[in-house]
Amino acid sequence: MLGLGAARLEADMNRLMALLFHQGVLDEQFMQLQQLQDESSPNFVSEVISIYFRESEKLLKNLRSLLADRECTDYTKIGIHLNQLMGSSSSIGAKRVRTVCLAFRAASEHSNWSGCLRLLEVLEHEYCYLKTKLHELFQMEQHRVMAAGARYHPALS
């Protein structure tokens, strides 16, 4: 049975998850990812998400670099990076990030530099919001587990 503090943290986590689903930040794929976590791999979700953030930051940096010079923009490479980011975002349930990637890819397919630049800013905003909220969720989970008397070592920092 959960202690009072653990129960309150679990309720807070459920509210945050409901908010993220309501806002369209996450989709059902995130729930499926959570279902893969068990006692043999208690940090599975935070480890997968940590890898996602590490790789996504590299892709975002590459996209920013590719858009730095309007005259030398390689839209094919932009599309490749966006496809990678869309795929990994889909696999963790990052719905809004994936949706922005789709619009960004459409702009890149039309060689629309200003549209790409604007969508990169939107993408970075959505990515930061996702990262902040998932970090908050994992912090709550860590505190909930500690309040319940178990050990938890999230990989997400």
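Throughout this description, residue numbers start from 1 for each chain and increase along the sequence as written. Totals for whole chains, interfaces and linings use all residues, but because this is a predicted model, local features are given only for residues with pLDDT of at least 70 and pairs of side-chain atoms are given and counted only at 80 or more. Each side-chain value is derived from all of the structure's non-hydrogen atoms; neither hydrogens nor water enter the calculation.

Colleague: Just give me the short version of the overall build of the protein, but keep the residues and values in it.
Modeller: Check the secondary structure of the protein and you find 6 helices and 0 strands. The linear arrangement of helices and strands in the protein, starting from the amino end, is α-α-α-α-α-α. Referenced to the eigenvectors of the C-alpha coordinate spread, the extents of the protein come out at roughly 60 × 25 × 20 Å. Of all 157 residues assigned to the protein, the portion counted as buried reaches 40%. The Shrake-Rupley method, run with a 1.4 Å probe sphere, supplies the accessible areas, and residue values consider only the shown protein chains as cover. When the accessible area of the protein is evaluated, it comes to approximately 8,800 Å², of which 53% is carbon and sulfur surface. A distance of 3 Å separates the average location of the 17 positive side-chain charges in the protein from that of its 18 negative side-chain charges. Per the convention used, a helix needs a DSSP run of H or I reaching at least four residues, while a strand needs a run of E reaching at least two, with both numbered from the N terminus. Buried means the residue's accessible area, taken with a 1.4 Å probe over protein chains only, is under 20% of the maximum for its type, while exposed means over 50%, and partly exposed covers the values in between. By the counting scheme adopted, Arg and Lys are positive, Glu and Asp are negative, and His together with the chain ends is not counted. For the purpose of locating charges, the reference atoms are NZ of Lys, CZ of Arg, CG of Asp and CD of Glu.

Colleague: An account of the side chain of Ser 89 is requested, with residue identities and associated values reported.
Modeller: Inspection of the secondary structure assignment puts Ser 89 in helix 4 (residues 75–92). By relative accessible area, Ser 89 is classed as buried at 0%. Beyond its immediate sequence surroundings of up to four residues, Ser 89 is in contact with Tyr 52, Ala 94, Val 97 and Arg 98. The criterion used for residue contact is that any of the two residues' heavy atoms lie within 4.5 Å.

Colleague: Tell me about the packing of helix 5 (residues 95–109) against helix 6 (residues 113–147), and please be specific about residues and values.
Modeller: In this analysis, axes come from line fits to C-alpha atoms, helices being fitted only over the stretch in contact, and the angle between any two N-to-C directions falls in the range 0 to 180 degrees. For the pair helix 5 and helix 6, the least separation of the axes is 9 Å and the interaxial angle reads 170°. Comparing their axes, helix 6 and helix 5 come out roughly antiparallel. Where helix 5 abuts helix 6, its residues Arg 96, Val 97, Val 100, Cys 101, Ala 103, Phe 104, Ala 107 and Ser 108 lie against Gly 115, Cys 116, Leu 119, Leu 120, Val 122, Leu 123, Glu 126, Tyr 127, Tyr 129 and Leu 130. In this classification, Asp, Glu, Lys and Arg are treated as charged, Ala, Val, Leu, Ile, Met, Phe, Trp, Tyr, Cys and Pro as nonpolar, and every other residue, Gly included, as polar. Of the residues that constitute the contact of helix 5 with helix 6, the class distribution is 14 nonpolar, 2 polar and 2 charged. Orientation is classified from the angle alone, with under 35 degrees giving roughly parallel, over 145 giving roughly antiparallel, 65 to 115 giving roughly perpendicular, and any other angle giving oblique.

Colleague: Go over the packing of helix 2 (residues 28–35) against helix 4, please, and point to the residues and values.
Modeller: Two elements in contact, helix 2 and helix 4, have axes separated by 6 Å at closest approach and are oriented at 65°. Judged by residue contacts, Gln 29, Phe 30 and Leu 33 of helix 2 engage Ser 90, Ser 91 and Ile 92 from helix 4. By residue class, the composition of the contact of helix 2 with helix 4 is 3 nonpolar, 3 polar and no charged.

Colleague: Let's hear about the packing of aromatic side chains: which residues, and what values?
Modeller: Side-chain rings of Phe, Tyr and Trp (the six-membered ring for Trp) are treated as a pair once their centres are within 6.5 Å; stacked means planes under 30 degrees apart, edge-to-face means over 60, and tilted covers the remaining angles. Summed over all chains, the structure comprises 2 aromatic pairs. When the ring of Phe 53 is compared with that of Tyr 127, the centres are 5.6 Å apart and the planes differ by 80°; the resulting orientation is edge-to-face. With Phe 53 in helix 3 (residues 44–66) and Tyr 127 in helix 6, this residue pair connects regions lying 74 residues apart in the sequence. Residue class for Phe 53 comes out buried when judged on its relative accessible area of 3%. Two thresholds decide whether a charge sits over a ring: the Lys NZ or Arg CZ must be within 6 Å of the ring centre and within 35 degrees of the ring normal. The ring of Phe 53 has Lys 131 lying over it, and the distance from NZ or CZ to the ring centre is 5.6 Å.

Colleague: I'd love a proper account of the confidence of the model for the protein, names of residues and values included.
Modeller: Each residue carries a pLDDT score, the predictor's own confidence in it, on a scale running from 0 to 100. Of the residues in the protein, 92% reach a pLDDT of 70 or more, and the chain-wide mean stands at 91. Highest mean pLDDT in the protein belongs to helix 5 (98); lowest belongs to helix 1 (residues 4–22) (89).

Colleague: Describe the pattern of salt bridges, naming the residues involved and giving the relevant values.
Modeller: By definition, a salt bridge exists where a carboxyl oxygen of Asp or Glu is found within 4 Å of a side-chain nitrogen of Lys or Arg. Taken as a whole, this structure holds 8 salt bridges when the rule is applied. Here Lys 58 makes a salt bridge to Glu 55, at a shortest N to O gap of 3.3 Å. Taken together, the positions of Lys 58 and Glu 55, both in helix 3 and 3 residues apart, correspond to about one turn of that helix. Residue classification places Lys 58 among the partly exposed residues on the basis of a relative accessible area of 45%. For Glu 55, a relative accessible area of 37% gives the class partly exposed. Here Arg 64 makes a salt bridge to Glu 124, at a shortest N to O gap of 2.7 Å. Of this pair, Arg 64 sits in helix 3 while Glu 124 sits in helix 6, placing them 60 residues apart in sequence.

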